[in-house]
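Take a look at the letters that make up each chain.
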Amino acid sequence: MASILSKKQKKKENYTLKELKSLGSDLLSSRAHINNLPLLLSFISPESPPQFVVESLLSLQSFFTPLLPQLPSSSSSSPASSTKRPRSDEEDDDDSAKTETDEVDGDPEVIFRAWLRSKFDEFVKVLLDVLVSQQSEDALRDIVLGTLMEFVKLLNAGRFHSSIYHRILNAIIHSAVDVDMFLDILNSKYFKYIDVRYFTYISMEKFVKTLEASAVSGALISSSLPDKTVMENSETENELKDSLELSIRKIYQVLSRTPPPHKQAEKSDLEMWSGSDESSSEKPKGKKKKSKDQDSNLLSPTTIAKRMKLKFTKAWISFLRLPLPLDVYKEVLASIHQTVIPHLSNPAMLCDFLTKSYDIGGVVSVMALSSLFILMTEHGLEYPNFYEKLYALLVPSVFVAKHRARFLQLLDACLRSSLLPAYLAASFAKKLSRLSLSVPPSGSLVITALIYNLLRRHPTINHLVHQEPVDNASEANSEAEEDNESSRPKTNKKLGMDYFNNQETDLKKTGAMRSSLWEIDTLRHHYCPPVSRFVSSLETDLTIRAKTTEMKIEDFSSGSYATIFGDEIRRRVKQVPLAFYKAVPTSLFEDSDFPGWTFTIPQEEGKC
């Protein structure tokens, strides 16, 4: 027997494509050629030529497809039972219908079907190897993935076979191939089906729980090892950390590319890849009538649509508990308010994640503000010291940050309520005013617009525009009389003092109500003409709300040197200054510019 196999192994390398087609035709024509099955399986590998892989794949797919309903499950009747994955509530439950047949020991038909099942499992395994191999071409991956998805549809008697689909996603996530290539295929062909999206969320939640458990166990093991052992295993820990980060990135890519649940599902949105919508209408029979009825209803498109939001929520909440890399963390915060929060079953479940992100500070807090603002305004979240944290984010670097436009618009929205206390509005106005001295011209423009809106919304702080220090002067004079000193120096010193404390974090103690917006007055002489012209908008009486309108912050929040320059060159000027003097000069310098100097050149006679 060994010699025969060795001869076949030697002959395998000499097969032509025509002979391979003949082997497939013989296998499909009669059971007498069943020995062609292992030979065809041997051609499906990453090392085989793509045309040989495709030909063997098509032959084996045509062979197994009509036999799938007759194959036993990969349990005790299958040689591959030791590697069987535990089944979830959503997976197939057809084992009970086959137990009576499989109990017949020694039946040749049972043994033959068990052998076929083992070969089918081997077929799926080699297909997964080819799918995620770096040697495979994109066209071959597309064909292999299509074959596997056909098995997902047909293997479980017309219901979605989540076990094989879970293995597909598991192979994709743990492969060295870029996951975007697989997601392009899934997104274009399969994510439009509601059951594919449903089981994608279920699988992602399982992957996240596995990663979370491995991360916790790895941390416990490293903390319990002696120092010497920890040093020796540092390289292994770094490799595990890199592997964990790579898996997290791929899970995020899958979650972000999977379409979210639809609020109002149409008929096209309820289309299913498997035939569950048809099988759900059939009445179940047998002893387990109730359980089969529940399972059939579970896989109906209407039921899946109802449970989709719950699975979506579980997948994302579980993912956000992982130790996310910084770049993934920022990407999540930048898009979570649009792609995740509107589709969660209970958006308040994100409050812990968002409040921790908001407490970090810096650009992470800026990016978390958008989602946190939605939870506060639309879902009733109460966040203590919100305005103190928002006040701390006002630093010069925020006006050149990547997400400054969204942040500045949210800042204006957070300060829109007329119920805010006067000291809080004054502190923000004064803080912004101080920042206008150290930010680029585009920042000065948006700061002026923000202060304009603050003064218009809160008339109680309009005195900051021009505040007469009469009380301060009288206090200075009284102190001078008590000290028997001249009152003039003391009064001048007090008149030039700004009571605002820029370093104070408590908004009640900043002293902004006793200060004034003198920084805005200095912008009248700003080197950038648009800034100096725009400051004049604050000269209007903002207490008369009927004659004024709020400024749209989005018109200024994305400004930069390029936008300012573009606006200036497009600006139509009525009078263009051609010279800086009123009369034509007779010399380069005036005599008054350099007293004691003369700039006339004496002309000698006879010389030009």
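Definitions and cut-offs
- Residues numbered from 1 in each chain as written.
- Predicted model: local features only at pLDDT ≥ 70, side-chain atom pairs only at ≥ 80, totals over all residues.
- Heavy atoms only, no water.
- Helix = DSSP H or I, 4+ residues; strand = E, 2+ residues; numbered from the N terminus.
- Salt bridge = Lys/Arg side-chain N within 4 Å of Asp/Glu carboxyl O.
- Buried < 20%, exposed > 50% of the residue type's maximum accessible area, 1.4 Å probe, protein only.
- Expected span 1.5 Å × (residues − 1).
- Polar contact = N/O pair within 3.5 Å; in protein donor to acceptor, adjacent residues only side chain to side chain.
- Phe/Tyr/Trp six-rings, centres within 6.5 Å; stacked < 30°, edge-to-face > 60°.
- Lys NZ or Arg CZ within 6 Å of the ring centre and 35° of its normal.
- 1 Å grid on protein atoms, 1.4 Å probe; cavity = no way out; pocket = protein on both sides within 12 Å on 5 of 7 lines; lining within 4 Å.
- Points joined across faces, edges and corners; volume = space filled by probe spheres on them.

Peer 1: Residue-level account of the environment of A348, with values.
Peer 2: Mapping A348 onto the fold places it in the loop between α16 (326-339) and α17 (351-360). In sequence terms A348 and M376 are 28 residues apart; their C-alpha atoms lie 9.4 Å from each other.

Peer 1: Would you mind going over the pattern of salt bridges in detail, with residue names and values included?
Peer 2: Opposite charge on two side chains makes pairing possible when the charged atoms of those side chains draw close. Applying the stated rule across the entire model yields 23 salt bridges. D412 is the salt-bridge partner of R457, the closest N and O atoms lying 2.9 Å from each other. Here R457, found in helix α22 (residues 441-457), pairs with D412, found in helix α20 (residues 404-414); they are 45 residues apart in sequence, far enough to count as distant. Of the two residues examined, R457 and D412, each falls in the buried class. The network of salt bridges with shared partners includes D412, R416, R457 and E550.

Peer 1: Mind laying out the environment of S163, listing which residues take part and the relevant values?
Peer 2: If you trace the backbone, S163 turns up in helix α8 (residues 162-173). On the basis of relative accessibility, which here comes to 18%, the residue S163 falls in the buried class. Taking C-alpha positions, S163 is 8.3 Å from V152, a pair spaced 11 residues apart along the chain.

Peer 1: An account of α8 is needed here, citing residue identities and associated values.
Peer 2: Counted at 1.5 Å a residue, the expected span for α8 with its 12 residues is 16 Å, and the 16 Å between its end C-alpha atoms agrees. Taken residue by residue, α8 has S162, S163, I164, Y165, H166, I168, L169, A171, I172 and I173 as its buried positions.

Peer 1: Outline the side chain of T200, listing residues and values.
Peer 2: Among the secondary structure elements, T200 is positioned in helix α10 (residues 194-224). Assessed through its relative accessible area of 0%, T200 is described here as buried. Within the local environment of T200, its side chain forms a polar contact with the backbone oxygen of V196, the two atoms lying 2.5 Å apart.

Peer 1: So what's going on with the packing of aromatic side chains? Which residues, and what values?
Peer 2: Taken as a whole and assessed by the stated rule, the structure comprises 26 aromatic pairs. Ring-pair connections join several aromatic residues into one group, and the members of that group are Y358, Y383, F386, Y387, Y391 and F428. Sitting over the face of the ring of W273, K153 holds its NZ or CZ atom 3.9 Å from the ring centroid. Here the guanidinium or amino end of R514 rests over the ring plane of Y499, the centre of that ring lying 3.9 Å away.

Peer 1: Provide a residue-level description of empty space enclosed by the protein, including the pertinent values.
Peer 2: Counted under the stated rule, the structure contains 2 cavities of 30 Å³ or more. There is about 40 Å³ of room inside the second largest cavity. Lining the second largest cavity, in full, are F399, R404, L408, S442, G443, V446, F556, S557 and G559. Secondary structure elements with two or more residues in the lining of the second largest cavity: α20 and α22. Residue contributions to the lining of the second largest cavity peak at 3 residues, all from α22.

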